[in-house]
Structures are given as C-alpha cells and as structure tokens.
Amino acid sequence: MKKLPIAVIGAGPVGLAAVAHLLERGLEPVIFEAGPTAGAAIDQWRHIRLFSPWRFNLDAAAVRLLEPSGWEAPRLTALPHGGELIDDYLAPLAALPAISSRLQTGARVIAVTRAGLDKTHVRDRDTTPFVVRVEHEDGEIRDHTVAAVIDASGTWSTRNPLGTSGLAAIGENTAAGRISAPLPDVMGRDRSSFAGRRVLVVGAGHSAANTLINLADLAKDEPGTTILWAVRGASAEKVYGGGDADGLPARGQLGSRLRRLVEAGTVELHTGFGISSLKTLDNHVSVEAVDGRTLDADVVVPCTGFRPDLDILREVRLNLDPAVEAPVELGPLIDPEFHSCGTVPPHGARVLAHPEKDFYIVGMKSYGRAPTFLLATGYEQVRSVAASLAGDRAAADTVHLELPETGVCSTDAGTSCDVPGPDTLAPPETGCCAAPEPVLVGFPTGLTPGRSGTA
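All figures in this text were calculated on a predicted structure; none of them were measured in a lab.

Each value, and the rule that gives it
- Residues numbered from 1 in each chain as written.
- Predicted model: local features only at pLDDT ≥ 70, side-chain atom pairs only at ≥ 80, totals over all residues.
- Heavy atoms only, no water.
- Helix = DSSP H or I, 4+ residues; strand = E, 2+ residues; numbered from the N terminus.
- Contact = heavy atoms within 4.5 Å.
- Phe/Tyr/Trp six-rings, centres within 6.5 Å; stacked < 30°, edge-to-face > 60°.
- Buried < 20%, exposed > 50% of the residue type's maximum accessible area, 1.4 Å probe, protein only.
- Lys NZ or Arg CZ within 6 Å of the ring centre and 35° of its normal.
- Pairing = 2+ DSSP bridges.
- Axes fitted to C-alpha atoms, helices over the stretch in contact; angles between N-to-C directions.

**Digging into the overall build of the chain**
When you go through the chain residue by residue, the secondary structure sums to 13 helices and 15 strands. Of all intrachain contacts in the chain linking residues separated by at least 6 positions in sequence, the fraction that spans at least 24 positions is 71%.

**Some details on the packing of aromatic side chains**
One pass over the structure, following the stated rule, counts four aromatic pairs. Ring plane angle 70° and centroid distance 6.4 Å describe the contact between Trp-229 and Tyr-240, whose orientation is recorded as edge-to-face. In this pair, Trp-229 sits in strand S9 (residues 226–230) while Tyr-240 sits in helix H8 (residues 237–240), placing the two residues eleven residues apart along the sequence. Overall, the relative accessible area of 7% leaves Tyr-240 in the buried class. Between Arg-114 and the ring centre of Phe-130, over which it is positioned, the NZ or CZ distance is 3.8 Å.

**What about the sheet that holds strand S11 (residues 275–280)?**
Backbone hydrogen bonds hold the strands of a sheet together, and the pairing may be parallel or antiparallel. Taken together, the three strands give an open sheet; going across it, the order is S11-S12-S13, and neighbouring strands pair in antiparallel fashion. Strand pairing shows two members of the sheet lacking a second neighbour, S11 and strand S13 (294–297), which therefore form its edges. Strand-to-strand twist in this sheet, taken as the mean axis angle between neighbours without regard to direction, amounts to 20°. Pairing of S11 with strand S12 (residues 285–289) involves five bridges; the strand directions are antiparallel. For Thr-280, the partnering residue across the bridge sits in S12 and is Val-285.

**Considerations on the environment of Gly-154**
Mapped onto the elements of the fold, Gly-154 is located in the loop between strand S7 (148–151) and helix H6 (191–194). Through-space distance from the C-alpha of Gly-154 to that of Ser-366 is 8.1 Å; in sequence the pair is 212 residues apart. The contacts of Gly-154, once residues within four sequence positions are left out, are Met-364 and Lys-365.

By themselves these figures say nothing about function.
Set out below in structure tokens:
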C-alpha cells in the first residue's frame, strides 16, 4: 500500500492544491482530469469575474511549488476572472514537471472500488488497495490501483433541474436544445445564441444576476433581445444583496445594478414562478409555472445550482447527510436552510472522513447540494487530508482559516460563494445545530443568512 500512489480526481483549484500538499508530504499523487486541461470546468465560465480577490484564491502549498519556477504572483487585491484564474495560476501550476508528469487529462473516472471487494465485503477492507476505473481520451478503459482516493471532481457537470421538488420539470429533457449552459458567455462565445432572442433566466443567485446583467449589455447592441427572469421566491431581495453593506464591493454593486435593471423594465421579473413543465414548440419553448402562468422563450438559462455526481462512488462506503449529501458531520454545518459560508467552522480530514478508510470527498463536491463553498475552505480541507494520509494526525486535526473579516457570504442557488453566488450578513445567535468552537469566516453582505432568512 505504501508503494502505491494516491489518486486525486479533478484538476481544478482544490484538486491541484491537494497534489501540492501531497508532494510536500512526500506522497505520490496521480491526477485524473476528465477535461482536456487543468481547470476545464472553470474554462466554461472564464468570462465571469470572482467576487473574492486573488489572496483568497491561491493555495499556500501551490504557491510554494510555483515560486521556484519564476512564477509571478498576481496583485493580491485584484478580482480575477475565471480565465485569469486558469491562465495566471492553474495552467502554470499544472505545467510544473512535478505535476504535469502525474497529470492525466481526458481521463474520466467512472468508478471507485476496493480491489476484489464490492461494498458488502468487510474482511481486510482497510488494508486492500483502491481501484479507480478510468475512461481515457482514446476510449480505452483501464483500472488504476491506488492507496487512497481524494475526490475533488466538483459539481459543474451535474446541474440542478429546472423543476420544483428536486425533479426535472415535465418536458425538460425534451427541451434540452432550448436550454443553455448555466453560465453562458452571452457577450462573447455564445453571443449568437442570445442576440435578438427572447431569453428566460431561471434562478435566484448571483449566477443569474451575472447572466441578466450581461444580457442587458447585449440588448443595447441587439435591440431584439428580450430578457425574462423567473424566481421561485416571492421576492428577489436576496439576489439584490446588501449594496454598500456588502463586504465584497463587487458583489454589492452587482445586486444594485440588477435592481436598477428590473426597476427600469429592462429585465422582466416574475416571482413565485416554480416551473412545472416545458413544452417544446416549433420555434420556442413554453414554460409553465405550478400556478398555471406561462412564459414563452427562445432559450432558457438554468441558474439553479448544482449537485454531486455520486454514481462513480456506488461501491464506496459513504456516510452522507440525508439532506445535502455532504459528509454526515459536515452536512448540518452547511445546510443552506440555516447556514452561509461565514457560519461554517474550519474543518478537515476528521469531519470529511467516511467509513471507507483513506477516501475523502473535498472541494465543492464535499458540500453536496449546499452552495456555500469557498475556495479557501477547500484549500484547508486538502491540507488537513494530506496530513492525515501522511500519518500526521496533529496537523490534520489543527484546522483554521485565515480570512480578514467576520461575516458571511450567503447561500445562493447558483454556485459556490467564490464564483457568482453569495449573499448575507451575520449568522443568527441560535440555529439548528452547534459546532465545536465555531469560527466565522467570509464577508458581510447586509442580509440574513440561509434560506431561513428569506420570508
């Protein structure tokens, strides 16, 4: 077992940070990335600017690995676009010989199990190597034997459905040709799909806000562009945010600008619009709400959030929270009914552990269906996990986050808190659950945290 590598699934920011920490510990990683390059998921929203500045988006071990190569750190107070996160950080990191020699791109993991044991077998399980089954870009499927597995594959590939109750709306699959990617580049790469069209944006997070504002800019140049916005709630106040009270000014400005667009009639807002069905017609799609209202659109943008793909882990012994599908000890701490980024205490290997020894889900995927993830949280997760796999229990259990302000970065049905998707103020004095020595992290937004803060 000690001679085998440790598999890291996903070469995004948290996956590459995990590799950097493993290397510092003298452990041997092998990285499987489904996309053609590191950060392939982020490349899908490279046109979006993050709310958090560079200093919160760089992992310490990754920076230590980069510095000897002559890499120049970006201005730490600047707000990077997704493309800059790739070009100025992830791509140089992945190109380092220490990582590039261990990185396999076009390598999609399709299953994780124990060698010769399905999940029902107990005897010698903890001392049996893992097998990671991978479909490589040439179409060949190969099994890789490893000592441990760190799943940092994220959630980008599995968006939440448009329908209510967690299910796809009736006709949603049939209407797939009229449904765009969650964060389309409406001013650039995807312009032709939106110019002069009637566009319906669905969702109440900052992913929706970004798209709506970009569509408004597009409409200035393309007069035939009509913008509709549907939210399930009775109000869009949570999306507008706290304005000047927001600890991340860029996020506060986003909400304020969107409010002005709605008030001016540039964006047509429909509240209380829970989608029940989509009917695909010859030249558009008709979207029907639960209460019978209908909206006609040429294209629908689903800003409804994401959920983890757990199919590849069917033969792994998991212990997941029944609500948010996060590790069971983490679930109550991040449940979006009650919590936001700032109300989640720092946590590491002990909280992330499953019954399957030496198996960890980290990063955005570790938060399951909760949208309150911060990159800084993921970096601390993998630092602790690497220490645990190296046998340094003291370092693994000593977890902390160093963010300069107390507050929160609220829940958002769109995506994580680092990317289009936060908003709230301080946590309530009482909540659903208590955590040992809670440490508040994040940024104030001027709103109440969690869905419970939405009347």
